[in-house]
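Coordinate analysis (summary)
The chain contents come next:
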Amino acid sequence: MKNHESNVVGPDVMLIALAASIPNAAVLGGFLNLSSSQIKDTNNWIDSIRASSPTRTRSSSSSSDNQDKINSWMLYHPSALNMFDQIAYNMKGKKIVTFLDYDGTLSPIVADPDKAFMTKKMRATLKDIARHFPTAIVTGRCRDKVYSFVKLAQLYYAGSHGMDIKGPTKSRTPNKGNDKALLCQPASKFLPMIEEVYKILLEKTKSVPGAKVENNKFCLSVHFRCVDEKCWAALAEQVRLVLNEYPKLKLTQGRKVLEIRPTIKWDKGKALEFLLESLGQYSVLIINISYIICIMHLFQLTITFVIGYDNSNDVFPIYIGDDRTDEDAFKVLRNRGQGIGILVSRVPKDTEASYTLKDPAEVEQFLRRLVQWKRSSTQ
């Protein structure tokens, strides 16, 4: 077997320390013997990371201009809370399906990803949502990890950006012996490769203070929320160098996280489409054939008709997420002309979502109003 570890070239502890004082990727490239195209790619990555993960406070002199930009952006992406009555009008008489990201949507973004807990209020509201509507958590996290946070067996869980999907179970521990609930794992063949890269990245990033590598089973996350901004270029290039040995894996970016995923054509948008097809209405017609008796056994013939949501015109999907990876799902809904996408963000961003919410607290308010609307409409 090829020893990938020995073929990976990366900066040692001294180079990482030096990079901390040299934020310019072009200078860093000289030490790493990078080509001009690689240096340009790294510069683009760092610019993109800074744009989506602002760490510097804005001066008061520009606060008025910033507010003008926010107001202009909100004209095209209004608050889902302020526009709830209009949304409710469009939902009337339709089958609602809710899709929710986890980090930054149901829970706040925190420095330690292992402590991204929902509030008790959010969990209670989510439980109510699941009582009234088919509900799925669609996240880049490992499915088992997200379930340990949410602990609601009646939900669908789509982990690893939808590459690991499991349906509701009666058990409170659906990960133990409940394979019948497993719906989709399109990237199973990549598991050994993901595990191999995970071990390499653990070793290669240990010299970068604050860096954390998370194994999400079918994808990996390199968190840099706690990394000094001057080290971002060194960390990003370290990850890129490792992935040069694995052309079947790709590197994408989230909110202060680098995501490593298989190159298959699968994302949160594909997961949404798959779930809409799976979350169909089921009608069961049981025909008892009482005249057929064989060896003292009564046979029962069961015919099941399955109607998927994906081709239904009376379905209203609601997808709420805060990350760049959620844009794939927003785009699917916009192209279908069905349902709505809601971006969770306080700052203007390019998005395919129709509406916005500022933070998880507003997400909880919106979901609670959705439950109240459902209850009042059925009375």
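This write-up is about the structure you can find in this document. Worth saying up front: this structure is predicted, and the values here are computed from it rather than measured.

What counts, and where the lines are drawn
- Residues numbered from 1 in each chain as written.
- Predicted model: local features only at pLDDT ≥ 70, side-chain atom pairs only at ≥ 80, totals over all residues.
- Heavy atoms only, no water.
- Core = buried A, V, L, I, M, F, W, Y, C linked by side-chain atoms within 4.5 Å.
- Buried < 20%, exposed > 50% of the residue type's maximum accessible area, 1.4 Å probe, protein only.
- Helix = DSSP H or I, 4+ residues; strand = E, 2+ residues; numbered from the N terminus.
- Contact = heavy atoms within 4.5 Å.
- Pairing = 2+ DSSP bridges.
- Right-handed = clockwise from strand over helix to strand, strands pointing away.
- 1 Å grid on protein atoms, 1.4 Å probe; cavity = no way out; pocket = protein on both sides within 12 Å on 5 of 7 lines; lining within 4 Å.
- Points joined across faces, edges and corners; volume = space filled by probe spheres on them.
- Nonpolar A, V, L, I, M, F, W, Y, C, P; charged D, E, K, R; others polar.
- Axes fitted to C-alpha atoms, helices over the stretch in contact; angles between N-to-C directions.
- Left-handed = near helix turned anticlockwise from the far one by under 90°.
- Lys, Arg positive; Asp, Glu negative; His and termini not counted.
- Salt bridge = Lys/Arg side-chain N within 4 Å of Asp/Glu carboxyl O.
- Polar contact = N/O pair within 3.5 Å; in protein donor to acceptor, adjacent residues only side chain to side chain.
- Phe/Tyr/Trp six-rings, centres within 6.5 Å; stacked < 30°, edge-to-face > 60°.

Turning our eyes to something else, we now look at the nonpolar core. Membership of the largest hydrophobic core comes to 52 residues, with the highest contact counts inside it found for F99, L201, I260 and L275. A total of six residues in this core trace back to one element, the largest contributor, which is helix 10 (residues 232–243). Residues contacting I260, with those up to four places away along its chain left out, are L201, C219, L220, V222, V239, L243, L249, K250 and L251. The next biggest cluster of nonpolar side chains, apart from the first, holds 40 residues, and it includes L81, F84, V146 and Y355.

Burial of strand 1 (residues 95–100) is extensive: five of the six residues sit out of reach of the surface. Across six bridges, the pairing between strand 1 and strand 12 (residues 315–321) is parallel. Each residue of the ladder has a partner; that of T98, found in strand 12, is I318. As paired elements, strand 1 and strand 2 (residues 135–138) share three bridges and run parallel to each other. Note on strand 2: the bridge partner recorded for T98 is T135. Read as a crossover between parallel neighbours, the route from strand 1 over helix 7 (residues 120–132) to strand 2 is right-handed.

Burial of strand 2 is two-sided: the residues T135 and I137 facing one way and the residues A136 and V138 facing the other way are all buried. Bridge count between strand 2 and strand 3 (residues 156–159): three bridges; the pairing is parallel. Residue pairing in the sheet places V138 in a bridge with A158 of strand 3. Between strand 2 and its parallel partner strand 3, the chain crosses via helix 8 (residues 143–150), and the hand of that crossover is right-handed.

Volume-wise, the second largest pocket comes out at about 410 Å³. Lining the second largest pocket are 28 residues, with D103, I109, H223, R255 and V257 positioned closest to its centre. Listing elements by their share of the lining of the second largest pocket, those giving two or more residues are strand 6 (212–215), strand 7 (220–223) and strand 9 (257–262). The residue inventory of the lining of the second largest pocket, partitioned by class, reads eight nonpolar, eight polar and twelve charged.

Here we come to helix 12 (residues 327–336). For helix 12, the full list of buried residues reads E327, A329, F330, V332 and L333. On its buried face, helix 12 sits against helix 11 (268–278), strand 12 and strand 13 (340–344). In the segment just after helix 12, G337 is the residue with positive phi, at about 65°.

Glancing now at the packing of helix 7 against helix 13 (residues 360–377). Remark: helix 7 packs on helix 13, axes separated minimally by 9 Å, with the N-to-C direction vectors making an angle of 35°. You can see that helix 7 and helix 13 cross each other, and the crossing is left-handed. Two secondary-structure elements touch here, helix 7 through K121, M122, T125, D128, I129 and H132 and helix 13 through P360, V363, E364, L367, R368, L370, V371, K374 and R375.

Once that is clear, we can look at the side chain of D267. Examined against the element boundaries, D267 turns out to sit in the loop between strand 9 and helix 11. Lacking a salt bridge, the buried D267 has R261 as its closest oppositely charged neighbour, with an N-O distance of 6.0 Å. Of the polar contacts made by the side chain of D267, one reaches the backbone nitrogen of G269; its length is 2.9 Å.

A separate point is the packing of aromatic side chains. Both the distance between ring centres and the angle between the ring planes are used here to describe each pair of aromatic rings. Counted under the stated rule, the structure contains eight aromatic pairs. Note on F99 and Y319: the rings are 6.4 Å apart at their centroids and 20° apart in plane angle, and the pair reads as stacked. With F99 in strand 1 and Y319 in strand 12, this pair connects stretches of sequence that are 220 residues apart. Pair check on accessibility: F99 and Y319 agree, each one buried. Residues F224 and W232 carry aromatic rings whose centres are separated by 5.2 Å and whose planes lie at 70° to one another, so their mutual orientation is edge-to-face. Grouping residues by exposure puts F224 and W232 together as buried.

On to unusual backbone geometry, then. Unusually for a residue other than glycine, S160 sits at a positive phi of about 50°. When you line up the elements, S160 lands in the loop between strand 3 and strand 4 (164–166). The backbone of K217 sits at a positive phi, close to 75°, despite the residue not being glycine. By relative accessible area, K217 is classed as partly exposed at 31%.

This next bit is on the sheet that holds strand 9. With respect to topology, four strands assemble into an open sheet ordered 6-7-9-8, the strand pairing being antiparallel. What marks the edges here is a single partner per strand, and that holds for strand 6 and strand 8 (249–254). Neighbour-to-neighbour, the strand axes of this sheet turn through a mean angle of 20°, independent of strand direction. In this sheet, strand 9 lies alongside strand 8 in antiparallel orientation, the contact comprising six bridges. Each residue of the ladder has a partner; that of G254, found in strand 9, is V257. The strands touched by helix 10 are strand 7, strand 8 and strand 9; relative to strand 8, the strand with the most contacts, the crossing angle is about 160°.

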